[in-house]
Amino acid sequence: MTTLPSKARAVIIGGGAVGCSVAYHLTKLGWTDVVLLERKQLTSGTTWHAAGLVGQLRATQNMTRLARYSAELFSGLEAETGVATGFKQNGSILLCLSEHRLEEARRGASMAKVFGVEIEEWSATDIADKYPGLNMDGVLGGLWTPLDGQADPANITHALAKGARSRGAKIFENVKVTAIRQANGHITGIQAEQNGDPFEIDAEVVVNCGGMWGREVGRMAGVNVPLHACEHFYVVTEPIPDLPANLPVLRVPDECAYYKEDAGKILLGAFEPNAKPWGMDGIPEDFCFDQLPEDFEHFEPILENAVNRFPALETVGIHTFFNGPESFTPDDRYLLGEAPELKNFFVAAGFNSVGVQSSGGAGMALAEWIDGGHPPFDLWDVDVRRMMPFQGSKTYLYERSKETLGLLYADHFPYRQMATSRNVRRSPLHAHLKERGACFGEVAGFERANWFAETGQEPVYQYAWGRQNWFDNHRTEHMAVREGVGLFDISSFGKIRVDGPDAADVLQRLAANDVMVDPGRIVYTQFLNERGGIEADVTISRLAEDSFIVVTPGASIIRDMAWIKRHWPEDARAAAIDVTAMEAVIVVMGPNARALLQPLTSVDLSNEAFPFGTMQTIDIGMAQLRAHRISYVGELGWELYVSADMAAHVFETIDAAGRDMGLVYCGLHALDSCRIEKAFRHFGHDISDEDHVLEAGLGFAVKLQKPASRFGGFLGRDAVLRKKESGLERRMMQFRLTDPKPLVYHTEPILRDGEIVSYVTSGNYVHALGAAIGLGYVPTRDGETAQDMLASDYEIEIAGVRVPAEASLKPIY
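Residues numbered from 1 in each chain as written. Predicted model: local features only at pLDDT ≥ 70, side-chain atom pairs only at ≥ 80, totals over all residues. Heavy atoms only, no water.

A.B. asks: Can you break down the layout of surface pockets residue by residue, with the values?
C.D. replies: Considered as a void within the structure, the second largest pocket measures approximately 760 Å³ in volume. Every residue lining the second largest pocket is counted, 30 residues in all, and those nearest its centre are K343, A562, W563, R566 and H567. Mapped by element, the contributors of at least two residues to the lining of the second largest pocket are α8 (355-372) and α13 (557-566). For the lining of the second largest pocket, the element with the most residues is α13, which contributes 6 residues. Partitioned by chemical class, the residues of the lining of the second largest pocket number 13 nonpolar, 9 polar and 8 charged. (1 Å grid on protein atoms, 1.4 Å probe; cavity = no way out; pocket = protein on both sides within 12 Å on 5 of 7 lines; lining within 4 Å. Points joined across faces, edges and corners; volume = space filled by probe spheres on them. Helix = DSSP H or I, 4+ residues; strand = E, 2+ residues; numbered from the N terminus. Nonpolar A, V, L, I, M, F, W, Y, C, P; charged D, E, K, R; others polar.)

A.B. asks: Describe the sheet that holds strand β26 (residues 547-552), with residues and values.
C.D. replies: Spatially, β24-β25-β26-β23-β27 is the arrangement adopted by the 5 strands of the open sheet, whose pairing is antiparallel. Two strands lie at the open edges of the sheet, namely β24 (522-528) and β27 (575-578), each paired on one side alone. This sheet shows a mean twist of 30 degrees between the axes of neighbouring strands, independent of strand direction. Alignment of β24 against strand β25 (residues 534-544), held across 7 bridges, turns out to be antiparallel. In the sheet register, I522 faces β25, and the bridge partner there is S541. Lying on the sheet, helix α12 (residues 503-510) is in contact with β23 (494-499), β24, β25 and β26; it crosses β26 at an angle near 35 degrees. (Pairing = 2+ DSSP bridges. Axes fitted to C-alpha atoms, helices over the stretch in contact; angles between N-to-C directions. Contact = heavy atoms within 4.5 Å.)

A.B. asks: Tell me what's going on with the packing of aromatic side chains, and back it up with residues and numbers.
C.D. replies: Scanning the model with the defined rule gives 33 aromatic pairs in all. Considering the side-chain rings of F115 and Y759, the 5.8 Å spacing of their centres and the 85 degrees angle between planes classify their relative orientation as edge-to-face. With F115 in helix α3 (residues 99-115) and Y759 in strand β35 (residues 755-759), this pair connects stretches of sequence that are 644 residues apart. The burial state of F115 is the same as that of Y759; both residues are buried. (Phe/Tyr/Trp six-rings, centres within 6.5 Å; stacked < 30°, edge-to-face > 60°. Buried < 20%, exposed > 50% of the residue type's maximum accessible area, 1.4 Å probe, protein only.)

A.B. asks: An account of a negative patch on the surface is requested, with residue identities and associated values reported.
C.D. replies: A contiguous patch of negative charge on the surface is contributed by E118, E120, D126 and D129. With relative accessibility at 32%, the residue D126 sits in the partly exposed group. (Patch = residues over 30% accessible without salt bridge, like charges linked within 9 Å, V, L, I, M, F, W, Y side chains within 5 Å. Areas by Shrake-Rupley, 256 points an atom, 1.4 Å probe, with all protein chains shown as cover. Salt bridge = Lys/Arg side-chain N within 4 Å of Asp/Glu carboxyl O. Lys, Arg positive; Asp, Glu negative; His and termini not counted. Charge placed at Lys NZ, Arg CZ, Asp CG, Glu CD.)

A.B. asks: So what's going on with helix α16 (residues 668-677)? Residues and values would help.
C.D. replies: Across the 10 residues that make up α16, a large majority, 9, are buried. Restricting attention to buried positions, one finds in α16 the residues L668, H669, A670, L671, S673, C674, R675, I676 and E677. Check the buried side of α16 and you find it contacts β21 (446-452), α11 (471-483), β22 (486-489), β33 (730-737), β36 (762-766) and β37 (771-779). Of the residues one or two after α16, A679 is the one with positive phi, at around 65 degrees.

A.B. asks: Describe the nonpolar core, and please don't skip the residues or the numbers.
C.D. replies: In this structure, I12, L26, V207, L336, L366 and L379 are the most contacted members of the largest nonpolar core, which totals 50 residues. For this core, the secondary-structure elements that each account for two or more residues are β1 (7-13), α1 (17-28), β2 (34-37), α2 (61-81), α5 (153-166), β11 (197-208), β19 (345-349) and α8. No other element matches the 8 residues that α8 contributes to this core. Not counting chain neighbours up to four residues away, the residues in contact with I12 comprise G19, V22, A23, L26, V34, V35, L36, L37, V207 and C209. (Core = buried A, V, L, I, M, F, W, Y, C linked by side-chain atoms within 4.5 Å.)

A.B. asks: So what's going on with empty space enclosed by the protein? Which residues, and what values?
C.D. replies: In total, this model carries 4 cavities of 30 Å³ or more according to the counting rule given. In this model, the largest cavity occupies a volume close to 110 Å³. Y415, G466, R467, Q468, W470, F471, H474, L743, V744, Y745, N764 and Y765 are the residues that line the largest cavity. Secondary-structure elements contributing two or more residues to the lining of the largest cavity are α11 and β36. Its residues placed into classes, the lining of the largest cavity shows 7 nonpolar, 4 polar and 1 charged.

A.B. asks: I'd like a rundown of the pairing of β21, residues and numbers included.
C.D. replies: With 7 of 7 residues buried, β21 is to be regarded as a mostly interior element. As judged from the 6 bridges shared by strand β20 (residues 438-443) and β21, these two strands associate in the antiparallel manner. Bridged to C439 within β21 is W451. In this structure, the hairpin formed by β20 and β21 is closed by a connection of 2 residues, where A444 is found at a positive phi of approximately 55 degrees.

Below is the structure:
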């Protein structure tokens with residue numbers, strides 16, 4: 001037996017496909033001092049029973065990039081290591097049984113063109129020819145992806161492990177980690193036991209690849225890793241006579257089923273709408289290559305549909321009825337990256353039944369993150385920092401996991417909302433908004449009014465790819481902001497107080513804009529990384545000489561607090577505190593905003609007394625609050641920051657006055673359409689840590705010559721200077737469809753002079769302009785000017801149809 005070391009540069013916890021991939025990729029980067037610890041045997045948790053499907057097209061560019069990398073890695077892994085991986089690119093077929101599904105498939109096929117994934121739309125006849133014996137009743141069409149495939153999950157894992165060992169990694173089985181050691185917010189090592197004998201390993205980096213144990217491993221470190229296991233069912237048939245070899249993987253999401261041919265048999269698996277959570281009371285200590293009890297009654301509806309769809313199943317026996325656990329996260333996206341709570345503690349867990357196909361890309365990306373100190377590209381889709389602390393609650397996870405397993409094969413409609421684990425975080429105005437017809441959506445657990453129903457209309461989504469049932473409501477709300485006055489509740493936005501003698505110097509170091517302004521001034525700015533990419537998009541209001549409030553999107557509050565913490569000067573005499581829950585934010589916007597609010601306060605709201613970009617303490621009714629004259633919709637208005645205990649009173653005061661003023665209650669969908677009409681960027685879609693602030697068109701918010709902080713120049717300054725010297729490689733542009741009927745959401749291809757050059761980063765229908773609007777980056781050609789770019793012809797491809805678009809570098813509205 002190899003002796004366990006007392007020190008390692010990196011310790012990886014978990015010996016599944018993902019853990020072995022992280023070890024493999026770290027060693028490829030030159031990390032020879034890597035130790036992987038597996039509680040039982042490699043693959044013995046969930047990897048061993050995975051179906052091994054390897055798809056390439058995911059919902060966004062970078063997630064597709066990771067999935068494609070996995071396929072590329074697997075294709076050469078057997079030759080590199082000598083371990084038979086069973087990887088074959090036999091292609092995959094997506095079967096569509098509804099118009100909704102076909103529309104989604106066509107949009108996916110358009111998206112695939114941007115991302116370089118070979119994909120074709122096929123008719124029912126094409127599919128029948130490729131997959132003989134299939135009952136084509138109800139089939140409208142589908143997609144063929146020739147480079148998709150399948151692999152042997154256990155052998156993929158052993159190949160990755162062998163590759164890692166060959167470059168110096170040490171892998172130990174039957175070693176249980178019992179504690180995570182840390183000091184001063186940094187990881188220092190682990191405690192573990194082997195055969196009952198305790199030992200410790202000092203480590204610079206610890207990686208949690210614990211799979212369905214990932215939540216408990218995180219808790220040892222004080223790190224939130226929200227995931228929960230669910231029962232996952234499949235059957236393997238007896239050999240089927242005359243079954244063609246190398247049949248493509250077949251997915252029939254409208255019947256919640258997938259089919260995989262292997263050695264003359266069919267593996268039939270399911271992602272059913274009402275899943276069965278497992279392990280609420282903990283995972284048994286001796287769990288190793290275990291199966292869960294059969295539940296044929298639960299699986300029977302899937303099997304009945306499958307027998308109808310593939311009649312050969314009716315006369316063949318079932319060789320194996322399998323039920324095994326898989327871990328799922330609250331939003332069906334895995335958890336990757338450095339934990340916000342603990343430096344050098346990394347997470348790669350919660351893979352939602354796509355762990356094998358994700359393992360190569362996730363391992364590569366995390367290894368590069370560990371090695372380089374930052375993500376190799378934008379990974380916000382799966383960044384562990386998107387999770388809120390409460391989402392680690394067992395009760396929350398138990399309820400949510402009933403839904404998330406099935407969502408893998410559900411229709412992925414735009415604006416689709418989760419149905420479980422709702423009403424956890426509520427604004428102080430929630431009940432008032434509900435009374436007025438609010439239809440709520442959920443972001444980071446926060447209930448937010450997305451649109452308001454008319455009298456007699458049920459405030460419930462009716463999902464579609466075209467105009468949904470709230471389209472006319474959206475028009476009313478949007479136009480109220482443009483022509484009258486609307487009220488939003490944006491209490492869910494994150495708020496960070498930075499207080500202390502060095503508060504101004506700390507923020508001057510973090511922010512690209514100049515925050516050394518007079519008290520009462522508001523500054524729009526970004527936090528930049530060393531590459532000039534955007535880590536946060538915020539407003540900073542100076543409340544006093546030594547007090548500021550930073551306002552940020554609600555979903556990124558944990559990320560932003562972690563960024564501030566990681567870059568906080570050691571000797572700074574200041575503190576940053578998340579105060580999101582302390583204040584509600586009532587937004588009154590539109591040409592009539594001043595007319596509505598002025599009679600309610602003794603403070604002069606005129607332009608001269610209360611200019612744009614400033615804040616003041618004002619009174620409304622019997623309450624005092626801060627009024628910020630700033631706008632995310634491009635109209636006259638104020639954001640009213642009021643303590644949670646007085647929020648209802650202020651709302652009621654405004655509500656009463658607004659009845660005679662035509663006040664319209666507006667949801668977050670209208671907020672988004674108004675901001676995109678003005679070409680205001682949205683963090684996480686239009687701007688991210690891999691988007692340079694100048695190419696995003698936000699150079700106006702960067703002040704290179706601003707007064708220096710006592711902690712040095714602002715982060716990212718050198719990258720801004722380099723970009724100014726080298727020139728822009730791409731520009732953010734706004735596009736307005738010339739046809740008022742089609743809708744854009746995100747990732748639709750952008751064509752310049754007939755060639756695909758990019759994709760839409762975010763889109764919405766804007767009623768003041770009467771068409772759909774999209775934002776997106778367009779690469780620049782050598783030596784061309786902005787005017788040259790505008791001289792080209794542009795189109796947006798939507799579900800395979802090219803729609804002409806008007807392009808602009810300035811807001812069209």
